[in-house]
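Chain by chain, the residues run as shown.
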Amino acid sequence: MRVAITGASGHIGNVLMHDLLEQGYEVTALQHNHNILHDHLPLRIVTGDVLDRASVDQLMAGADAVIHTAAVISISGDKDGRMRRVNVDGVGLMLEAALHHRVKKFVQVSSIHAFQQRPSDKVLNESRTLTSAQSPAYDQSKRDGQLLALAFAEKGLNVTVVNPTSVVGPPDIRPSLMGKAIIDLCNGKVPALIPGGFDFVDVRDVVKGITGALQKGRRGECYLLSGKWHSIVEITGMLGEISGRSIHPPLIPAWLARTGLPFMKVASFLSGKPPLYTSESIDALSEGNRQIDAAKAKTELGFMPRPLFVTLQDLYKWFIDHDCIKK
């Protein structure tokens, strides 16, 4: 089977690309910029953009299936509108092209953020209401991209949607937002922790869920790919146990963290680096659902998430081996 994928340089896309090749698929990957790490791989590379129809047509030429992972992730809003263009308009363009090229299968990688998290202590499954107009820009963009995908399923395209939670795990080359947080924790660069947590899932298990959706996912259906909810304090404790390091940043209340938001913005502007936290990230940690149910994906796709402790063990070793964490 010939599979076209987007977001090949991203955390999920990179792991997915290698997994597909190992399974014997013929892979064509769309990458926004040239990535030297892909040069040695036995795949066809298209350099382009999901917002450019010519690039997308080139990607899908001869493809049997498409897995769309490309997206802009933000915890700081969408000031220039690019996130919405990529996460909504880009999805629409990909779907239109897939219909035009008569692609047999389309897997849309959405997010748990497409769904309303509250009430956070009640089970969240595929029947949960989608996120609202008051939600962060990222959440709304993933909701609207998902709605587009499901609308094309009604037009005859064989579309399946998957919704991962917070993805973590090796390999994490760029690294991801969560990967950077873990590196900073282990390197002693996190001055304080904020109460709350989120549902975390291993990137390798998410990829198995995606390939399961490719092979067995039903048309017009969504599948939650979740692990288990853990607090940030729990994760810090796990990292301390795994690394043998003393990792004990103080825990500050959310209201105090919010008072520091203006200083975070100034520090981010001066350093040119993303802020350590934002209002959106504080809300995500405090409101993240604690009972996300992946039963449907486990039953239909063979999805099997591993314990987070195992993921963090593997990720810590990977970061040490790649000199991301000081020895």
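Residues numbered from 1 in each chain as written. Predicted model: local features only at pLDDT ≥ 70, side-chain atom pairs only at ≥ 80, totals over all residues. Heavy atoms only, no water.

One open sheet holds the three strands; their spatial order is β7-β8-β10, and the pairing between them is mixed. Edge positions in the sheet fall to β7 (166–168) and β10 (228–231), since each of these pairs with one other strand and no more. This sheet shows a mean twist of 50° between the axes of neighbouring strands, independent of strand direction. Those strands touched by helix α12 (residues 308–321) are β7, β8 (197–202) and β10, and its axis lies near 45° from that of β7. (Pairing = 2+ DSSP bridges. Helix = DSSP H or I, 4+ residues; strand = E, 2+ residues; numbered from the N terminus. Axes fitted to C-alpha atoms, helices over the stretch in contact; angles between N-to-C directions. Contact = heavy atoms within 4.5 Å.)

Computed from the structure, the second largest pocket encloses a volume of approximately 240 Å³. As for the second largest pocket, its lining consists of eleven residues, and the residues nearest its centre are S76, K79, K265, P275 and T278. Of all the elements, helix α9 (residues 261–271) adds the most residues to the lining of the second largest pocket, at four residues. Each residue belonging to the lining of the second largest pocket can be placed in one class, and the counts come to four nonpolar, four polar and three charged. (1 Å grid on protein atoms, 1.4 Å probe; cavity = no way out; pocket = protein on both sides within 12 Å on 5 of 7 lines; lining within 4 Å. Points joined across faces, edges and corners; volume = space filled by probe spheres on them. Nonpolar A, V, L, I, M, F, W, Y, C, P; charged D, E, K, R; others polar.)

This paragraph deals with the pattern of salt bridges. One pass over the full model with this rule turns up 17 salt bridges. In this structure, E287 engages R118 in a salt bridge whose closest nitrogen and oxygen atoms are separated by 2.9 Å. Taken as a pair, E287 in helix α10 (residues 279–287) and R118 in the loop between β5 (105–109) and α4 (137–154) lie far apart in primary sequence, 169 residues in all. In this structure E287 comes out as partly exposed when scored by relative accessible area, which is 24%. Residue classification places R118 among the exposed positions, given a relative accessible area of 51%. Because the salt bridges share partners, they merge into one network encompassing D202, R204, D205, R306 and D314. (Salt bridge = Lys/Arg side-chain N within 4 Å of Asp/Glu carboxyl O. Buried < 20%, exposed > 50% of the residue type's maximum accessible area, 1.4 Å probe, protein only.)

Glancing now at α10. Two residues of an α-helix separated by three or four positions point the same way, owing to the 3.6 residues in each turn. Restricting attention to buried positions, one finds in α10 the residues S281, I282 and L285. Projected onto a plane normal to the axis of α10, the buried residues spread over an arc of 105° and lie on a single side. (Arc of directions from axis to C-beta.)

The next point concerns the nonpolar core. Membership of the largest hydrophobic core comes to 34 residues, with the highest contact counts inside it found for I182, F200, I235 and L239. Put simply, the parts of the chain that give this core at least two residues each are α5 (177–186), β8, α7 (232–243), α10 and α12. The dominant element in this core, judged by the number of residues it contributes, is α12, at seven residues. If we ignore the near neighbours within four places in the chain, the residues touching F200 are T165, S166, V168, M178, G227, K228, H230, I232, I235 and L308. Listed in part, the 33 residues of the second largest apolar core include I12, L21, V107 and Y223. (Core = buried A, V, L, I, M, F, W, Y, C linked by side-chain atoms within 4.5 Å.)

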